[in-house]
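Examining the three-dimensional arrangement
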Amino acid sequence: MRYRHFPTVTLALGVVLLVDVLRVFLPAVITIFGQAASTPAELLGAFAFGWFLLALAAPALVRRVGARPVTLVAAVLLVVARLAVNGQPGGRLQLWLATAGLLAGLVWLAGVAAGTDRPVPGLALGLAVGALLHTVLDTYRPAFLGDWPAWLLAVVVAGLFLAGQARPAPPAGAGGVRSWLLAGPALLLAGMVALSPAVARTATSYQFGLLRSDPADEVGVATVPLFGPAPLAVAVGGFLLAALASPRRGAWRWLGPVALVAGAVLVALERGELLLPAVLLTAVGLGACLASAGAADGRVADDAATPAVDDGGRAGQDAARAAGRRGYAAVAGMLVFAVAAVAYYAAYDLGHPNAGVPVAVAVLVAAVALAARPGPGPLRSPLPPVWTAASAAVLTLVAAIASDELLSATNRDGPPETVRVAAYNVRMGFGIHGRFDPDALARAVAGADVVVLGEVDRGWLLNGGHDTLDLLAERLDMPYVFAPAADPLWGDAVLSRWPLDAARTRPLPAVGAPTGAQALGVTIDFSEDVRLAVVATHLQPPPGGDPVVQARAVADFAVRYAAGRPLVVAGDLNTEPGDPAFAEFTRAGLVDALAAARPLPTSPADAPRQQIDHVLVTPDLATGDAAAPPGTASDHLPVAVTLTLPPA
């Protein structure tokens with residue numbers, strides 16, 4: 001590796017470590033510090049935002065102590081926190097380790113910014129490498145306890161980062177403010193959309209799923225994709241090529257900003273079939289905007305290098321002021337990240353619209369890029385654009401293919417006599433102690449033939465960017481059908497050991513509840529014309545009320561969807577037996593499949609008091625062995641029951 005590559009590679013590795021820490025810190029805020037949907041969203045947001053705000057002191061610290069010692073100490077603390085959080089099974093210690101790592105990472109970023117005037121290659125490479133590693137480990141193990149390959153990977157990245165950090169950096173010029181200002185917004189857009197393997201897989205499952213929904217449905221469903229997260233390779237390659245190449249000039253310079261804003265608008269439309277073009281447009285547009293900002297910073301540096309009649313003291317003061325501006329720009333960009341992330345995800349608790357948040361961030365990035373004035377000549381990148389982009393794309397494609405599993409179901413030898421059905425609110429995969437553990441979730445429903453899941457997250461940055469559904473489906477070896485509720489990445493799913501068919505989904509009336517809700521109907525084909533209709537839902541009660549309106553809508557939809565076939569309605573219904581909403585299901589002719597085991601409380605998981613997770617069936621299905629297996633892999637317990645199918 002040439003010496004001029006060391007600052008770029010070191011910055012890239014630092015970005016990877018910072019993103020890894022963020023993948024632990026963000027979900028820890030809503031599962032350990034507080035509880036989403038119960039702790040006030042304003043308090044959760046204030047806690048998260050406060051640490052970013054505290055980093056505003058970092059540039060002043062750098063100016064007083066010096067960039068090199070501050071950066072070295074912060075780099076060591078970042079590495080220690082990153083490795084320590086790998087071994088924590090959740091709880092308060094995990095929260096505070098992640099918080100310490102975040103603060104150390106922000107101070108490190110400010111210190112590096114003070115001494116780096118052309119950060120775009122390092123920032124772009126770091127975001128791309130982070131996406132590659134997240135793909136290699138199937139969106140799960142980079143930031144959480146895993147087996148020895150995860151530890152080895154973390155140690156290697158940390159070691160290379162510290163080795164590069166120990167080398168003295170070349171002197172910095174006067175530019176870099178624009179590029180550092182875009183670091184936080186770029187991290188947000190990359191994690192939310194452009195470079196997320198979970199989002200890419202989900203987008204593919206809408207676009208190229210192996211089971212198609214009815215085109216007449218208002219909201220489509222997603223099914224097991226044939227290519228998994230493979231489109232991410234195009235996104236990573238396009239992003240790096242656009243970021244490292246010389247930016248377009250004249251009217252062509254509008255292409256990148258327009259593509260970025262167009263991709264964000266597609267995200268804001270919240271339609272699954274638009275998610276894939278949104279990923280690709282956002283990736284290429286984001287890279288082009290970073291390139292424009294980097295080229296303008298190069299012009300500033302070249303202008304500052306023009307000889308002038310001045311004394312050494314004035315030159316030193318100018319350098320110090322430039323370093324300070326870059327440090328504050330980096331912290332300000334991360335503040336944009338924090339504000340936008342809190343505003344977007346807190347909306348699901350507060351009930352305000354959030355679709356415009358990614359659009360606003362994209363417009364900010366586009367405006368900075370368009371305001372930049374590149375120099376007259378091409379700006380040479382420390383990394384060859386075509387070779388780097390092509391290599392990253394190929395590696396990402398290989399990782400996507402190797403990490404993904406194609407799930408398929410086949411008819412067994414004739415239809416079964418009994419079917420074990422389980423329903424589980426998985427709380428985005430996070431347990432009572434704030435630990436993301438898909439293995440524990442899979443063990444909780446082991447032995448079930450049909451699994452209904454609620455609160456399924458397929459790539460929210462707030463929750464670490466995991467595709468919880470894919471991780472569970474692979475561990476259970478079951479294909480799935482997913483229906484969005486809040487947006488294309490959050491909703492409900494049905495998994496089955498037998499083939500799934502005729503998926504339908506209907507949005508439910510909001511009735512004042514902040515999070516959206518839907519009803520997903522799926523038909524399970526047991527062969528020999530034996531079929532079972534399954535409807536999955538997660539009712540959202542209005543403030544202080546019972547979800548009567550949604551329960552009535554689900555019951556009506558389920559009866560029409562089943563059309564006389566045996567029917568199962570399951571999920572977190574947020575109502576108890578005897579409540580008005582529960583009565584809507586019995587009024588529709590359904591019976592409580594768990595009645596023989598009552599009382600059967602399921603929430604909260606560590607001290608169950610409420611009976612709000614249910615399985616209801618038509619009278620032609622005999623029930624037995626109802627249970628709510630204990631565990632803390634979620635904040636709910638699963639419920640399971642064995643159904644005896646009627647004769648063919």
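**A short note on the overall build of the protein**
A tally of regular secondary structure across the protein gives 20 helices and 13 strands. Over its C-alpha trace the protein gives a radius of gyration of 26 Å, about what one expects of a compact globule, namely 26 Å for 648 residues. Summarising its shape, the C-alpha atoms of the protein cover approximately 95 × 45 × 45 Å along the three principal directions. Across the 648 residues of the protein, 59% fall into the buried class. Relative to all contacts within the protein whose residues are 6 or more apart in sequence, the contacts with residues 24 or more apart total 79%. Put simply, the protein has 42 plus and 48 minus side-chain charges, and the middle of one group is 14 Å from the middle of the other.

**Some details on the packing of helix α6 (residues 120-136) against helix α11 (residues 231-244)**
Running from N to C, α6 and α11 cross one another at 170°; their axes reach a closest spacing of 9 Å. Regarding the angle of α6 to α11, the classification is roughly antiparallel. Where α6 abuts α11, its residues Val120, Pro121, Ala124, Leu125, Leu127, Ala128, Ala131 and Thr135 lie against Leu232, Val236, Phe239, Leu240, Ala243 and Leu244. Its residues assigned to classes, the contact of α6 with α11 comprises 13 nonpolar, one polar and no charged.

**Let's talk about the layout of surface pockets**
Roughly 1,100 Å³ of volume is contained in the second largest pocket. If you trace the second largest pocket, you find 47 residues lining it, with Pro7, Gly115, Thr116, Asp117 and Pro170 closest to the centre. Of all the secondary structure elements, the ones that give two or more residues to the lining of the second largest pocket are α1 (6-33), α4 (67-86), α5 (91-114), α6, α7 (148-166), α11, α13 (275-304) and α14 (312-350). At five residues, α1 tops the list of elements feeding residues into the lining of the second largest pocket. Its residues assigned to classes, the lining of the second largest pocket shows 27 nonpolar, 13 polar and seven charged.

**Focus: the packing of aromatic side chains**
Each pair of aromatic rings is reported with the distance of its centres and the angle of its planes. With the rule as written, the count across this model stands at 17 aromatic pairs. Taking 6.2 Å as the distance between ring centres and 80° as the angle between the ring planes, the aromatic pair formed by tyrosine 344 and tyrosine 348 counts as edge-to-face. With tyrosine 344 and tyrosine 348 both in helix α14 and four residues apart, this pair spans about one turn of that helix. A residue is classified by how much of its surface remains accessible, and tyrosine 344, at 6% relative accessible area, is buried. Tyrosine 348 sits in the buried class, given a relative accessible area of 9%. Ring pairing ties together the aromatic residues Phe25, Phe33, Phe47, Trp51 and Trp96, which thus form one cluster. The lysine or arginine in question, arginine 458, covers the ring of phenylalanine 482, its NZ or CZ lying 5.3 Å from the ring centre.

**Points about the nonpolar core**
Counting 123 residues, the largest nonpolar core has Phe25, Phe52, Trp180, Leu195, Phe239, Leu240 and Phe337 as the members making the most contacts within it. Among the elements that make up this core, the one with the highest residue count is α1 (17 residues). Apart from the residues lying within four places of it in its own chain, the contact partners of leucine 240 are Ala124, Leu125, Ala128, Thr388, Ala389 and Ala392. Core analysis: the second largest hydrophobic core is formed by 37 residues, Val450, Ala503, Ile524 and Val534 among them.

**Observations concerning the pattern of salt bridges**
Note on pairing: side chains with opposite charge can pair once their charged atoms come close. Following the criterion strictly, the structure yields 14 salt bridges and no others. One salt bridge in this structure joins arginine 531 and aspartate 529, with 2.8 Å as the shortest N-O distance. Relative accessible area serves as the criterion here: at 30%, arginine 531 is assigned to the partly exposed category. We classify aspartate 529 as exposed; its relative accessible area is 65%. Among the salt bridges present, the one from glutamate 584 reaches arginine 552, with a minimum N-O distance of 3.3 Å. Residue glutamate 584 is located in helix α20 (residues 580-587), and its partner arginine 552 is located in helix α19 (residues 548-562); the two are separated by 32 residues in the primary sequence.

**Digging into the sheet that holds strand β7 (residues 518-525)**
Spatial strand order, β6-β7-β8-β9-β11-β10: six strands in an open sheet with mixed pairing. Across the chains shown, the open sheet's two edge strands, defined by having one partner strand only, are β6 (500-507) and β10 (591-592). Taken together, the five bridges between strand β9 (residues 567-572) and strand β11 (residues 613-617) define a ladder with antiparallel strand orientation. Following the sheet pairing, valine 569 is matched in β11 by leucine 616. Contacting β6, β7, β8 (531-538) and β9, α19 runs over the sheet at an angle of about 160° to β8.

**Observations concerning the pairing of strand β4 (residues 480-487)**
Looking along a regular strand, one sees the side chains alternate between the two faces of the sheet. By the criterion of burial, β4 is predominantly enclosed, with eight of the eight residues buried. Across six bridges, β4 lies against strand β5 (residues 490-496) in antiparallel orientation. Within the sheet, the bridge partner assigned to proline 484 lies in β5 and is glycine 491. Between β4 and β5, which pair antiparallel in sequence order, lie two residues.

**Some words on the sheet that holds strand β12 (residues 622-627)**
Pairing within the open sheet is mixed, and its seven strands lie in the order β1-β4-β5-β3-β2-β13-β12. Two strands bound the open sheet, and with one partner strand each, they are β1 (222-223) and β12. One ladder, built from six bridges, connects strand β2 (residues 418-425) with strand β13 (residues 639-644); its direction is antiparallel. Bridge assignment links arginine 420 to a residue of β13, and that residue is threonine 642.

**A word on the packing of helix α3 (residues 58-65) against α4**
Two elements in contact, α3 and α4, have axes separated by 7 Å at closest approach and are oriented at 125°. Judged by the inter-axis angle, α3 sits oblique to α4. The segment α3 lies against α4, with Leu61, Val62 and Val65 engaging Ala67, Pro69 and Val70. Looking at the contact of α3 with α4 residue by residue, the class counts come to six nonpolar, no polar and no charged.

**What about unusual backbone geometry?**
Residue proline 599 follows arginine 598 across a cis peptide bond; omega there is -5°. Summarising the element assignment, proline 599 is placed in the loop between β10 and β11. Cis geometry is found at the peptide bond from serine 603 to proline 604, where omega equals -10°. By the secondary structure assignment, proline 604 is in the loop between β10 and β11. One non-glycine residue, alanine 563, lies in the positive phi region at around 50°. When you line up the elements, alanine 563 lands in the loop between α19 and β9. A relative accessible area of 62% means that alanine 563 is categorised as exposed. With phi around 50°, asparagine 574 is a residue other than glycine that occupies positive phi space.

**Here we look at helix α15 (residues 356-371)**
It helps to recall that an α-helix has 3.6 residues per turn; residues three or four apart then point in one direction. Its 16 residues give α15 an end-to-end C-alpha distance of 22 Å, which sits within 8% of 22 Å, the value for a rise of 1.5 Å per residue. Among the residues of α15, Val357, Pro358, Val359, Val361, Ala362, Val365, Ala366, Val368 and Ala369 are the ones counted as buried.

What counts, and where the lines are drawn
- Residues numbered from 1 in each chain as written.
- Predicted model: local features only at pLDDT ≥ 70, side-chain atom pairs only at ≥ 80, totals over all residues.
- Heavy atoms only, no water.
- Helix = DSSP H or I, 4+ residues; strand = E, 2+ residues; numbered from the N terminus.
- Rg over C-alpha atoms; globule rule 2.2 N^0.38 Å.
- Buried < 20%, exposed > 50% of the residue type's maximum accessible area, 1.4 Å probe, protein only.
- Contact = heavy atoms within 4.5 Å.
- Lys, Arg positive; Asp, Glu negative; His and termini not counted.
- Charge placed at Lys NZ, Arg CZ, Asp CG, Glu CD.
- Axes fitted to C-alpha atoms, helices over the stretch in contact; angles between N-to-C directions.
- Parallel < 35°, antiparallel > 145°, perpendicular 65-115°, else oblique.
- Nonpolar A, V, L, I, M, F, W, Y, C, P; charged D, E, K, R; others polar.
- 1 Å grid on protein atoms, 1.4 Å probe; cavity = no way out; pocket = protein on both sides within 12 Å on 5 of 7 lines; lining within 4 Å.
- Points joined across faces, edges and corners; volume = space filled by probe spheres on them.
- Phe/Tyr/Trp six-rings, centres within 6.5 Å; stacked < 30°, edge-to-face > 60°.
- Lys NZ or Arg CZ within 6 Å of the ring centre and 35° of its normal.
- Core = buried A, V, L, I, M, F, W, Y, C linked by side-chain atoms within 4.5 Å.
- Salt bridge = Lys/Arg side-chain N within 4 Å of Asp/Glu carboxyl O.
- Pairing = 2+ DSSP bridges.
- Expected span 1.5 Å × (residues − 1).

Shape descriptors only; they carry no functional weight alone.
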